Amino acid sequence: MDIFCSCFSFLFSFVILTFCKLTNGKVKSYIKNYNGNYAKIQKCRRGLKLFKENETEVKLAMYPNPVLRKKCEDVLHFDDNLKSTIRRMFDTLYAKKVKALCAPQVYINKKIIIWNGRYEKRKEENEKIFINPTIIEQSLIKKKFVESCLSSPKIEGKVGRPVIVSISYFDICGNKHLKVLKGLYARLFQHEYDHLNGVLFFDRMTQNERKKVKAQLNQLRREYKTDQIPAMNNIAKGD
Ligand code: CO
């Protein structure tokens with residue numbers, strides 16, 4: 001009988017303890033907001049945000065993907081969503097080891113350009129962001145220089161562009177800025193700015209320059225088509 005009693009009291013205290021733990025846990029992870037509803041406290045939201053920001057697996061749009069030919073839309077909301085989108089774009093920039101990147105290259109149809117001229121140094125002060133940019137004025141003097149693009153690998157050629165451009169753009173908080181860009185920065189900006197209007201660097205090559213890369217462009221088109229075929233075949237097999 002004694003054994004039965006002690007067993008019962010042990011079980012009873014275990015049930016009480018578990019109940020206390022559960023309710024206590026519930027109180028801890030939920031908080032009442034001003035509308036009187038229970039909402040999960042910030043800890044969960046922060047966790048989600050952190051996950052998004054650290055996510056480096058961003059797929060790149062490759063030529064001749066039609067997203068690269070679409071005109072991008074203005075950014076309207078300067079919110080947390082924009083910040084995490086831009087963070088992910090920078091993660092991609094560092095992963096691909098390139099100086100500049102624009103939103104359509106990562107399947108986002110918005111006017112966003114980012115760059116870090118010294119991409120090997122992952123410092124925030126080197127990171128530049130241009131939202132809803134426009135070219136206000138450009139120099140009459142043009143220069144030719146060899147360009148390449150992450151979305152059309154193995155292709156490079158000389159492109160003539162104005163040496164100086166004056167631009168306007170918005171920062172991540174929605175403040176408008178004016179800036180004059182020269183030399184390599186002017187070129188980088190114009191290359192990315194063209195992307196936002198669905199223009200690719202080889203569109204601006206002279207006919208002679210274009211001829212030199214014709215075969216490689218055709219190759220990219222073939223690769224893109226054959227990339228699509230296995231997926232379609234798989235669907236057909238599944239049926
Ligand atoms: Co490009």
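Rules of the game
Residues numbered from 1 in each chain as written. Predicted model: local features only at pLDDT ≥ 70, side-chain atom pairs only at ≥ 80, totals over all residues. Heavy atoms only, no water. Core = buried A, V, L, I, M, F, W, Y, C linked by side-chain atoms within 4.5 Å. Buried < 20%, exposed > 50% of the residue type's maximum accessible area, 1.4 Å probe, protein only. Helix = DSSP H or I, 4+ residues; strand = E, 2+ residues; numbered from the N terminus. Expected span 1.5 Å × (residues − 1). Donors = N, O, S within 2.8 Å, 3.2 Å for Na, K, Ca; no water. Pairing = 2+ DSSP bridges. Axes fitted to C-alpha atoms, helices over the stretch in contact; angles between N-to-C directions. Contact = heavy atoms within 4.5 Å. pLDDT = per-residue confidence, 0-100. Phe/Tyr/Trp six-rings, centres within 6.5 Å; stacked < 30°, edge-to-face > 60°.

This next bit is on the nonpolar core. Counting residues in hydrophobic clusters, the biggest one holds 16 residues, and the most contacted among them are Ile86, Met89, Leu93, Leu101, Ile112 and Ile114. Breaking this core down by element, the ones donating at least two residues are helix H3 (80-96) and strand S4 (112-116). No other element matches H3, which puts six residues into this core. Counting 15 residues, the second largest nonpolar core, distinct from the first, contains Cys102, Ile113, Phe130 and Phe189.

On to H3. Helical periodicity: at 3.6 residues per turn, an α-helix aligns residues three or four positions apart in one direction. Taking 1.5 Å as the rise per residue, H3 with 17 residues should run 24 Å; its terminal C-alpha atoms sit 24 Å apart, in good agreement. Listed as buried for H3 are Leu82, Ser84, Thr85, Ile86, Met89, Phe90, Asp91, Thr92, Leu93 and Tyr94. At the C-terminal side of H3, Lys97 shows a positive phi close to 55°.

Coordination sphere of the cobalt ion, protein contribution only: Cys149 (SG), His191 (NE2) and His195 (NE2), at 2.1 to 2.2 Å. Linear spacing of the donor residues for the cobalt ion on their chain is C-x41-H-x3-H. Of this pair, His191 and His195 both sit in helix H4 (residues 183-196), four residues apart, which is roughly one turn of that helix. You'll find His191 and His195 in the same group, each marked buried.

This part takes up H4. Here H4 spans 21 Å end to end across 14 residues, near enough to the 20 Å set by a 1.5 Å rise per residue. Most of H4 sits out of view: eleven of its 14 residues are buried. Listed as buried for H4 are Ala186, Arg187, Leu188, Phe189, Gln190, His191, Glu192, Tyr193, Asp194, His195 and Leu196.

Looking now at the sheet that holds strand S9 (residues 176-182). The strand order across the open sheet formed by five strands is S3-S4-S5-S8-S9, and the pairing between neighbours is antiparallel. Looking at strand neighbours, the two that pair on one side only are strand S3 (100-102) and S9, the edges of this open sheet. This sheet shows a mean twist of 40° between the axes of neighbouring strands, independent of strand direction. Two strands pair when backbone bridges link them, and S3 and S4 are joined in this way by three bridges, in the antiparallel orientation. Bridging from a neighbouring strand, Ala100 pairs with Trp115 of S4. Against the sheet, H3 makes contact with S3, S4 and strand S5 (127-138), and its axis sits at roughly 45° relative to S4, the strand it touches most.

For the protein, per-residue confidence averages 79 on the pLDDT scale, and residues scoring 70 or more make up 69% of the total. Of the regions scoring below 50 in pLDDT, residues 22-54 engages in 21 contacts with residues more than four places distant in sequence or in other chains.

Time to look at the packing of aromatic side chains. For the structure shown, the criterion picks out nine aromatic pairs. An angle of 20° between the planes, with centres 5.6 Å apart, marks the rings of Trp115 and Tyr185 as stacked. In this pair, Trp115 sits in strand S4 while Tyr185 sits in helix H4, placing the two residues 70 residues apart along the sequence. You can call Tyr185 partly exposed: its relative accessible area is 41%. With a centroid separation of 5.5 Å and an interplanar angle of 70°, the aromatic rings of Phe201 and Phe202 are classed as edge-to-face. Among the residues examined, Phe201 registers a relative accessible area of 3% and is labelled buried. Cluster of aromatic residues (ring-pair linked, three or more members): Trp115, Phe130, Tyr169, Tyr185, Phe189 and Tyr193.

This part is about the pairing of S4. Among the five residues of S4, five are classified as buried, and the element is accordingly described as predominantly covered. Summarising the sheet, S4 and S5 pair through five bridges and their orientation is antiparallel. Note on S5: the bridge partner recorded for Trp115 is Lys128.

Turning next to unusual backbone geometry. Omega for the peptide link from Tyr63 to Pro64 comes to 5°, which places this bond in the cis form. As for its position among the elements, Pro64 is in the loop between helix H2 (42-54) and H3. The backbone of Lys97 sits at a positive phi, close to 55°, despite the residue not being glycine. Considering the arrangement of structural elements, one finds Lys97 in the loop between H3 and S3. One non-glycine residue with positive phi stands out, namely Asn132, at about 45°. Positionally, Asn132 belongs in strand S5. Residue Asn132 is classed as buried on the basis of its relative accessible area, which comes to 11%.

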